[in-house]
Amino acid sequence: MVKIAIAGGSGNVASEIIDVLVATKKHEILIFSRKDAPAGKPVEGVTWIKPDYDSVEQLTQTLQGVHTLLSFVTEQEGAESPIQKRLITAAVQAGVKRFAPSEWATSTTQHLPWYAYKAEIRRYLTELNKDKKVLEYTLFQPGLFANYFTRPYKSSTYIHQIETPIDFEKRRAILVEDGDEGVITLTTVQDFAAVVARAIEYEGEWPVVSGIRGTTLSVRELIALGEKLRGPFKIERVKASDFEAGTWETSWIPRVDHPSIPPEQVDVFSKLGVAGITLAISAGAFAVSDEWNRLLPDYEFTALEPFLRGFWEGKP
């Protein structure tokens, strides 16, 4: 049993992991959130805390006795990631053994400017441990959640299913010209949460990069799977230069209404986001390594085709 603190713990990805950790009945869990604790009966072993993310001193006090700190803090408006830097400082001062920054997605941040804060924290942690190991940390990377491709059918407890440029429901896709061989990793959030929970119990040293690989395939193979399950897709292709310039036009634009995006910014962000996501997929940013597949060889990952078939079979 260890004491775990989860910053940004009211978010949808964090909530998936918290449920798995609570179910183990092995850990004491502190949830850091600016939101009030949910109404209803308190969950045994879980303490809800409203932290002052501006105060290193208060964060240090709150992190006393914590073994592992997981961050799900998003800082799109602060590329310098000041909140996470204060969390890291407090973690070091409090003697926290392990830290996982707010990663939870791609292997690189290429074409994804809203992930600038992730890139900065990678740099910051590398610099922190440059001369000697000050803090053990890892970058958890599952690629893209396979659960997005069951939309509109809910396939997890909390994940908000944004529209993606490959739409199984309406059998259509927006692709970069000559981008069919771009590689993508799709991991179910259930596998992801289960592996993170096992990683917390892992007695060895965490790898710096923590790839969690469900199924890795090319865009061409993903489209072929979609057509196998759903029928022919309408494909629209866009020049990379048009995506980069923001001048691209298609018959539809996926709606990227992530909870971290203010509602009034969704329409503007959707065009920017779809361009970035599509270019990133083509460049392989969503293809991840397999560190935890190798460290947990007995864990059986969910195969993509039967997972998707379970939601799409028999659907119009």
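In the block above lies the structure referred to throughout.
Everything numeric in this text was worked out from a predicted model, so none of it was measured. (Residues numbered from 1 in each chain as written. Predicted model: local features only at pLDDT ≥ 70, side-chain atom pairs only at ≥ 80, totals over all residues. Heavy atoms only, no water.)

A. Layout of the overall build of the protein chain. Each helix and strand counted, the protein chain has ten helices and 14 strands in total. Rg of the C-alpha trace for the protein chain: 20 Å, near the compact-globule value of 20 Å for 316 residues, within the 12% margin. Counting every position in the protein chain, which comprises 316 residues, the buried fraction comes to 53%. (Helix = DSSP H or I, 4+ residues; strand = E, 2+ residues; numbered from the N terminus. Rg over C-alpha atoms; globule rule 2.2 N^0.38 Å. Buried < 20%, exposed > 50% of the residue type's maximum accessible area, 1.4 Å probe, protein only.)

B. How the structure looks around helix H6 (residues 219-230). For H6, with twelve residues, the first-to-last C-alpha span of 16 Å sits near the 16 Å given by 1.5 Å per residue. Regarding H6, the residues found buried are Val 219, Leu 222, Ile 223, Leu 225, Gly 226, Leu 229 and Arg 230. Looking down the long axis of H6, one finds its buried residues gathered within 160° of arc, a one-sided arrangement. After H6 finishes, the residue Gly 231 shows a positive phi value of roughly 105°. (Expected span 1.5 Å × (residues − 1). Arc of directions from axis to C-beta.)

C. Representation of the packing of aromatic side chains within the structure. Throughout the structure, instances matching the rule amount to 16 aromatic pairs. With 6.5 Å between their ring centres and 40° between their planes, Phe 168 and Trp 312 make a pair best called tilted. In this pair, Phe 168 sits in the loop between strand E9 (166-167) and strand E10 (172-176) while Trp 312 sits in helix H10 (residues 304-312), placing the two residues 144 residues apart along the sequence. Pair check on accessibility: Phe 168 and Trp 312 agree, each one buried. Judged by centre distance (5.2 Å) and plane angle (85°), the ring pair of Tyr 202 and Trp 292 falls under edge-to-face. Here Tyr 202 is found in the loop between helix H5 (189-201) and strand E12 (209-211), whereas its partner Trp 292 is found in helix H9 (residues 291-295), with 90 residues between them in sequence. Judged by relative accessible area, which is 25%, Tyr 202 ranks as partly exposed. (Phe/Tyr/Trp six-rings, centres within 6.5 Å; stacked < 30°, edge-to-face > 60°.)

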